[in-house]
Structure formats: C-alpha cells, structure tokens
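Structural features, examined
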Amino acid sequence: LPASAQAPATPPDHYALTNARIVTAPGRVIPNGTIVMRNGRITAVGAQVAIPAAAIRLDMAGMSVYPGLIDPYTSIGLPTTQAGGGRAGQPGAAPGGSAAPAQEVAPERNAADVYAPTEAVLTDTRNAGFTTVGVGFDGGIFPGRIAAVNTGSVRDAVLKTPIAQQVMLGRRRGGYPGTLMGSMAFVRQSFFDTQYAMRARQAWDRSPTGPRPDYRAEVRGLESAATGALPVWFEASTRRELSRIPGLASEIGVRNYVIVGAQEGWLAVDELKRAGQPVIVSLDFPAPASISGRAFELRVAPASGRDDVGIQADSAAARAARGNPAALAKAGIVFALSADGVAPAQIRERVRLAIEAGLSSDDALRALTVTPARLLGVDGAVGTLEVGKIANLLVTQGDLFARDTRIHHVFVDGVRYEVPAPVASGRGGAAAGAVNTTTAGVVAGDWVAEFDGPTGLMEIALTITQEQGNALTGKIISQLGDVDLTGELTGGEFALRGTATPPGMNSMSIVLTGRAAGDDLRCTLTAQGMSAINFTARRRVPRETTMEVGK
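So, here is what we can say about the structure in this document. Every value quoted in this text rests on a predicted model; they were computed, and no experiment measured them.

Here eight strands make up an open sheet; going across it, the order is S6-S7-S8-S9-S10-S11-S12-S13 and the pairing mixed. Each edge of the open sheet is held by one strand with a lone partner, namely strand S6 (69–74) and strand S13 (335–338). Neighbour-to-neighbour, the strand axes of this sheet turn through a mean angle of 25°, independent of strand direction. Two strands pair when backbone bridges link them, and strand S7 (residues 130–135) and strand S8 (residues 145–150) are joined in this way by four bridges, in the antiparallel orientation. Bridging from a neighbouring strand, Val135 pairs with Ala147 of S8.

With that out of the way, let us pick up unusual backbone geometry. The amide bond that connects Thr161 to the next residue, Pro162, takes the cis arrangement and shows omega of -15°. Residue position: Pro162 is located in strand S9 (residues 158–168). Here Asn39, not a glycine, exhibits a phi torsion of approximately 55°, which is positive. In this fold, Asn39 is placed in the loop between strand S2 (28–38) and strand S3 (41–46). Unusually for a residue other than glycine, Asp413 sits at a positive phi of about 55°. Position of Asp413 among the secondary structure elements: in the loop between strand S15 (406–412) and strand S16 (415–418). By relative accessible area, Asp413 is classed as partly exposed at 26%.

A few words now on the layout of surface pockets. Roughly 410 Å³ of internal volume is contained in the second largest pocket. Residue lining of the second largest pocket: 23 residues in total, with Asp193, Asp214, Arg216, Glu218 and Val219 positioned closest to the centre. Secondary structure elements with two or more residues in the lining of the second largest pocket: helix H2 (101–104), helix H5 (180–206) and helix H6 (217–220). Top contributing element to the lining of the second largest pocket by residue count: H5, with eight residues. In terms of residue class, the lining of the second largest pocket is made up of 14 nonpolar, three polar and six charged.

The rules we used
Residues numbered from 1 in each chain as written. Predicted model: local features only at pLDDT ≥ 70, side-chain atom pairs only at ≥ 80, totals over all residues. Heavy atoms only, no water. Pairing = 2+ DSSP bridges. Helix = DSSP H or I, 4+ residues; strand = E, 2+ residues; numbered from the N terminus. Axes fitted to C-alpha atoms, helices over the stretch in contact; angles between N-to-C directions. Buried < 20%, exposed > 50% of the residue type's maximum accessible area, 1.4 Å probe, protein only. 1 Å grid on protein atoms, 1.4 Å probe; cavity = no way out; pocket = protein on both sides within 12 Å on 5 of 7 lines; lining within 4 Å. Points joined across faces, edges and corners; volume = space filled by probe spheres on them. Nonpolar A, V, L, I, M, F, W, Y, C, P; charged D, E, K, R; others polar.

Written out as structure tokens, the structure reads:
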C-alpha cells in the first residue's frame, strides 16, 4: 500500500466558531461574533465575518471564547534535577539529596532539547485551559534555559528557545553552597568567572601567549546571560530572597531579568517596585505557618481547648497569601501568574481565590495571557485572539473564572480537543487509578503519610472531620503518640492545632496547615522549637468508592 494510505488521518483544523461571546483580550469583548481558524492560524475574528464554505461550523451560542491560557514557568515534560531540592520557598527546597555537579550546574542545557511530556500530562494541562507553557528545570542552581512550547503535538511544540537563563537559589547537601548566602555567593562568583573567561579568550584571540582560555560548557553556558544577550530568570519566593535579588542582579551586571515565584511578594512589594522588573507569581500559596515572621508573633496558646487567637492569625495569614497578586497589581508591578506546583484541576480555583482577595478578573486574565506571552517573547504569536496569530483558544460555558464554569473545548494550533465533563459524584464515580473523585480536593477524610521527621522516618495516620460551618477537628496517630486537633477551614486552607507529648519528652504545641489538591493533602507541620516539615499525605480511599484501571 502507498505510505499515505498507512498514515493516520490528519485532524481537521478549519473551523468557524459562530454566535460566540469572544474575549479577544482583557477588557476587549465581542458580544456576538465569529472566529475562523485555518492551518493553525486565526484568519478572521469579529462581529461580521464571511465564513468560508469549507470551514466546519460550530454554533457556540451561549458560549464564550478566550485566548488560550499561558503558564510561563512549569517543569512539565522535563527530567527532575536530582539535587538541591525543589523550587525556592516550596516543599523540597531545603538541602536534600546529592548529585553530580553537572545536574545542578548546567547553564548550557536547553529545555527544548529534552522536552518529552506524556500524553496524560499534556491532556491534563490542556483540560485546565493552558495552550502554551514555558518549561524550565526544577532544582539545582544553574539548571538550564527556558523554552516556550504549545501543549498540542510534541513534534511541533516548540515556539521559541532559548528564552531565558534559569538561576535558582538551590543548596547542596554535604557541599557548597549549603545556605542562602552561600547560593548567592556561588551565583555571583559564577558570573564573575564567566566574565573573566570571556576577557581571557578575547586576549588569547589577540595574542595566544597568555593563559589558555577555559572552554568548558558550563563556563561558556553563562555567556549569553552575562552579556545581556539572554534574560535571566531568578527564582525567589521568600521575603528575604526577594529583597536580595535586585542587589545581586546589579552586582553581576544583569539588567534584564524576571523574578519567579514571589510567594511572599506582598511582604517585599516596596523592593519589587523599586526594582522595576516583571514578576511571575506562583499560585502555590504558602501555608500560613511557613510565612516569614510567623514564628516571631507574640501570643500565648491556651493550655487546653480551641486556640481561637491562633486560628484567627492563621486565617489572616492565609488571606494575605491569597491577596499577593492583588497587592502587586495595586503597586503597579507587571506580573504573570504561574500554576507550577498546583494540580491542574485546582488552578482556576486558585485564581478564583486571588480574585476574591482583590485581584480583578481582567488583571487575572492579563496575567495568564498577555503578560506571560510577552515575558516568553511569543506575544506576536499567542496571548490574544487576532488575525494571523496561532489558533490557541478555549471555549467555556460561562465566565472563565466563575465557580461553576466548565471548559468545553480547547484548540491548540487550530486542532480541536474535547474536554470531558467532570465525573459525576456518587458510588462508583471515581476515576481510573483508584482516585475517589467524590472527595477530591476535600480536606475532610482519612489520610496517611510517610516522611522524614525530627526523630527519623515517620508514618502517620491523620483524620480530619468538618464540623458545623468551617470548624474542623482531627487526630494524628504516629509513633510519637496521638494528638487531638482543632481548627478551621478558610478559603480551602486548613489550620489545625494541638498539643503533643512524645514519650520521654515535654509537651509541645504543634500546628498543621495546608490544603487538599485532588487526593493529596499538602501539609506543613510545625512543632514548638523545631523547623517546619513539609510533606504530602494521601487520602485513604474506601474500596467500595474506587474503580480499578480498565474496569
């Protein structure tokens, strides 16, 4: 048979979406219009559009069309750097693991060269409304360079590379750097060494009589960033990190940079405003107990019973964290939003929480479309719905950020992807893989976890019960004893307090905070006089409410 007969059918990409409410950009709406796509591009958009006879017509009456969402900073489809922990200010960012320096210091490595997502990851990303993402490595100090990719076909995914040099304030266990100051010194010296190596090579080219230049890849890899030819994206999340990045950038001669993470941006808003650089704000809100300065608050917990003062303080801290994007918007700081570290199904809920905390819907949409497109250097191709741009868009039934709005279709490069309806709740309604969809994202339930505790490996069983309103009660069972907990749920964030009396030790107050992400419970445990411990608990699902894969 001819080869063409054996090839898979090419999906259609010539569509006309009619009778739709079209949001072409933040603040720009066509109440009833048509958008035409062909060969992966938008060929027409407006209230009065001539529809080609060959186009597949889709009546979108009652639907809204938006530009495809853009997450400028993810690590999907990339290998994990096995050293230095996770993203700054997030669980795993503390010293942990060890690996060869090449995995931590590889500035010459391009994300586009190793990008290989699974179809399941791409499907989850598209179903959340994201049609373009910036991909960068997770972990290390100079892990590599960022690329912009579409979330459709992997073969034709890359839009632009390289976009920026990643600089992360990672640590190395058992080696240098092991502290924040050490990491900053390492970054500073690396840039100075690169600049020296460039001068040495120029001198060698003029007269090869002096020291031979250093041509190692990790030295040459930073040259584009050191000369300003490539922007630098510094990852920093805590108040202390954020306040020091502008000074570090100035010392090493970097003028074109972006600050990524900024989870405590509202605490450093003055420093960020003075720096005058764009910020990529994480939607992975910090747990209340981990926010800078919380450990120094002066208060006395009651000897027994409900700690109302502590609960109110935790609720205020959680509200401040959710109000982070609004605080930056109010200060006039240019920012984009990133959902890295947040389960795809929870992303729009996080945006809703930010809107409820003061962020306008237009600013939220701008931070998920126009601004990230510009930071990635692809604003000429994506970010708005205009003639000539790539046909990346999504179709919703209702306002994009409304609580009950569902995404029906996502188009990437003009190819249509259907978004399945949420699985109905009820007995047997769990998705494949034994996930209980009737309880996904719900704090109440039975949880189990295993993590490194203050006395070694800990295994715990945690039960949380939601009482009347937002009041919570709970219990932790572990080898250190049983602890009864009380607290409350605020905007999806829970805060539970109790008193533990480990064998042979004095009683100590503990605080457990976090939020549910699907059937994971992301927790921060803070015990009196000890460092906070981040861990993830897994929901213990009753057998009768699950389905096995393929059943």
